[in-house]
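Examining the three-dimensional arrangement
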Amino acid sequence: MYYIENICTDPRYNLALEEYVYSLLSTYKEKFMLLWRNSPSIIVGRFQNTAAEVNEPFVRENNLHVIRRITGGGAVYHDLGNLNYTFAVPNDSDNPFDFQKHSQPIVDVLQNLGVYAEFNSRNDLAINGLKFSGNAQHMDKKRLLHHGTLLFNSDLEKLSLALKVSEDKFQSKAAKSVKSRVTNILQWLPRPMSIEAFKDAILRQMDKKEGFKPYFLSQDDRKNIERLIEEKYSTWNWNWGRSPEFTEKKSRRFNAGKVEACFNIKDGVITGCRFFGDFFGDENLNIFEGHLLHCLYEEKALRKRLASIDTEKYFASIPKEELVSFICG
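In this report, the structure presented in the accompanying data block is examined. (Residues numbered from 1 in each chain as written. Predicted model: local features only at pLDDT ≥ 70, side-chain atom pairs only at ≥ 80, totals over all residues. Heavy atoms only, no water.)

It is worth spelling out the overall build of the chain at this point. Each helix and strand in the chain was counted, giving 12 helices and 14 strands. Taking 2.2 N^0.38 as the reference for a compact globule, 329 residues should give roughly 20 Å; the C-alpha atoms of the chain span a radius of gyration of 20 Å, in line with that estimate. Along the longest, intermediate and shortest principal axes, the C-alpha atoms of the chain span 65 × 45 × 35 Å. Each of the 329 residues in the chain was classed as buried or not, and the buried ones make up 51%. Here the analysis covers contacts within the chain between residues at least 6 apart in sequence; of these, 68% occur between residues at least 24 apart. (Helix = DSSP H or I, 4+ residues; strand = E, 2+ residues; numbered from the N terminus. Rg over C-alpha atoms; globule rule 2.2 N^0.38 Å. Buried < 20%, exposed > 50% of the residue type's maximum accessible area, 1.4 Å probe, protein only. Contact = heavy atoms within 4.5 Å.)

Another aspect to go through is the pattern of salt bridges. Within the structure shown, the criterion is met by 12 salt bridges. Here E30 and K213 are joined by a salt bridge, their closest N and O atoms 2.9 Å apart. With E30 in the loop between helix 1 (11-28) and strand 2 (32-36) and K213 in strand 11 (residues 213-214), the pair connects residues that are 183 residues apart, well separated along the chain. For D124, the salt bridge identified is with K131, shortest N-O distance 3.4 Å. Using a relative accessible area of 16% as the deciding quantity, one classes D124 as buried. For K131, a relative accessible area of 31% translates into the label partly exposed. (Salt bridge = Lys/Arg side-chain N within 4 Å of Asp/Glu carboxyl O.)

Taken together, the eight strands give an open sheet; going across it, the order is 7-8-9-10-6-2-1-11, and neighbouring strands pair in mixed fashion. Strand pairing shows two members of the sheet lacking a second neighbour, strand 7 (118-119) and strand 11, which therefore form its edges. As paired strands, strand 9 (residues 130-139) and strand 10 (residues 143-151) are joined by five bridges and run antiparallel to one another. Paired with A136 across the two strands is H147, which belongs to strand 10. Where helix 1 meets the sheet, its contacts fall on strand 1 (2-4), strand 2, strand 6 (82-90), strand 9 and strand 10, and the angle it forms with strand 2 comes to roughly 170°. Seen against the sheet, helix 4 (residues 99-112) touches strand 6, strand 7, strand 8 (124-127), strand 9 and strand 10 and runs at an angle of roughly 140° to strand 9. (Pairing = 2+ DSSP bridges. Axes fitted to C-alpha atoms, helices over the stretch in contact; angles between N-to-C directions.)

Let's shift gears to the packing of helix 4 against helix 7 (residues 195-210). The geometry of helix 4 relative to helix 7 is characterised by a closest axis approach of 10 Å and an angle of 115° between their N-to-C directions. Helix-helix and strand crossings are classified by hand; for helix 4 and helix 7 the assignment is right-handed. Seen from helix 4, the contacting residues are P105, I106, D108, V109, L110 and N112; seen from helix 7, they are F198, A201, I202, Q205, M206 and K209. Its residues assigned to classes, the contact of helix 4 with helix 7 shows eight nonpolar, two polar and two charged. (Left-handed = near helix turned anticlockwise from the far one by under 90°. Nonpolar A, V, L, I, M, F, W, Y, C, P; charged D, E, K, R; others polar.)

The final tally for this structure, using the stated rule, is 20 aromatic pairs. Geometrically, the ring pair formed by Y2 and Y28 is edge-to-face, given 5.8 Å between the ring centres and 85° between the ring planes. Taken together, the residues Y2 in strand 1 and Y28 in helix 1 connect sequence positions 26 residues apart. On the accessibility criterion, Y28 (32% relative accessible area) is partly exposed. Relative to F288, the ring of F275 has its centre 5.4 Å away and its plane inclined at 70°; by these criteria the two rings are edge-to-face. Taken as a pair, F275 in strand 14 (residues 269-277) and F288 in helix 10 (residues 285-292) lie far apart in primary sequence, 13 residues in all. (Phe/Tyr/Trp six-rings, centres within 6.5 Å; stacked < 30°, edge-to-face > 60°.)

Listed below in structure tokens is the structure:
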């Protein structure tokens, strides 16, 4: 396994580095690992409507970066008390979106440190029922990027204020509703340690398990990363994106995530549609949206249009009939 040492805390650079390392798998056919921290920022899921996920006045007042990542899932708050880990590995296409497999090394590290942690949902790690890590993935047939947050000693007050919280996710939108469901790792450790020492513990565990060899970024590597920063991660179009006005909106929370569907309807025909949410998928969502264009906006026509489409390629782990009933309802 290659390990790339990275001390940069600019989220634009770190997300560009992740994506670039993911692209390296086409050349090296090797596993890569990164550990990194971001200055205060909100990292938005690939399919999310940014404006609906962040507290914009708080973002402006606190000069937070708002950056979109290439993986699905929900928005997360990062600061220097949060350590992030990334695995870029060859894909096991027979078992897609296996979050537990790729987050297990973190559970092992914590157990070695005397903390009982467990994988307790579709993509979360928890201590005593309290979430300290959310995980997300992006993949194609040959490559997989798995990354996760690790709340070590993060500012949970700012975390709760930075993000908007959907009413269908928590009973209360109050900040304490978020804080009551998350925790920092530090408070559970038998002996205090710094985040740097925690990082070293992860590296020792992974070196013992996989065996590390350093990968040093070349000048060409750095140029490619800078190009991604300039052309993608620094742009308003990628990070926020202009959401068009829609005439019909609906949303539903499935076991595998929330889906919001937005339609433009003219003379009973779909002339535009967008899907947002914290779900996962391994195909380009624009392709799915294109399948619905020019279809009558009524149940029979929509069911016929969707009949031949493998919807779980776009909305992973959401049963097709549940999704179709939601779209057609």
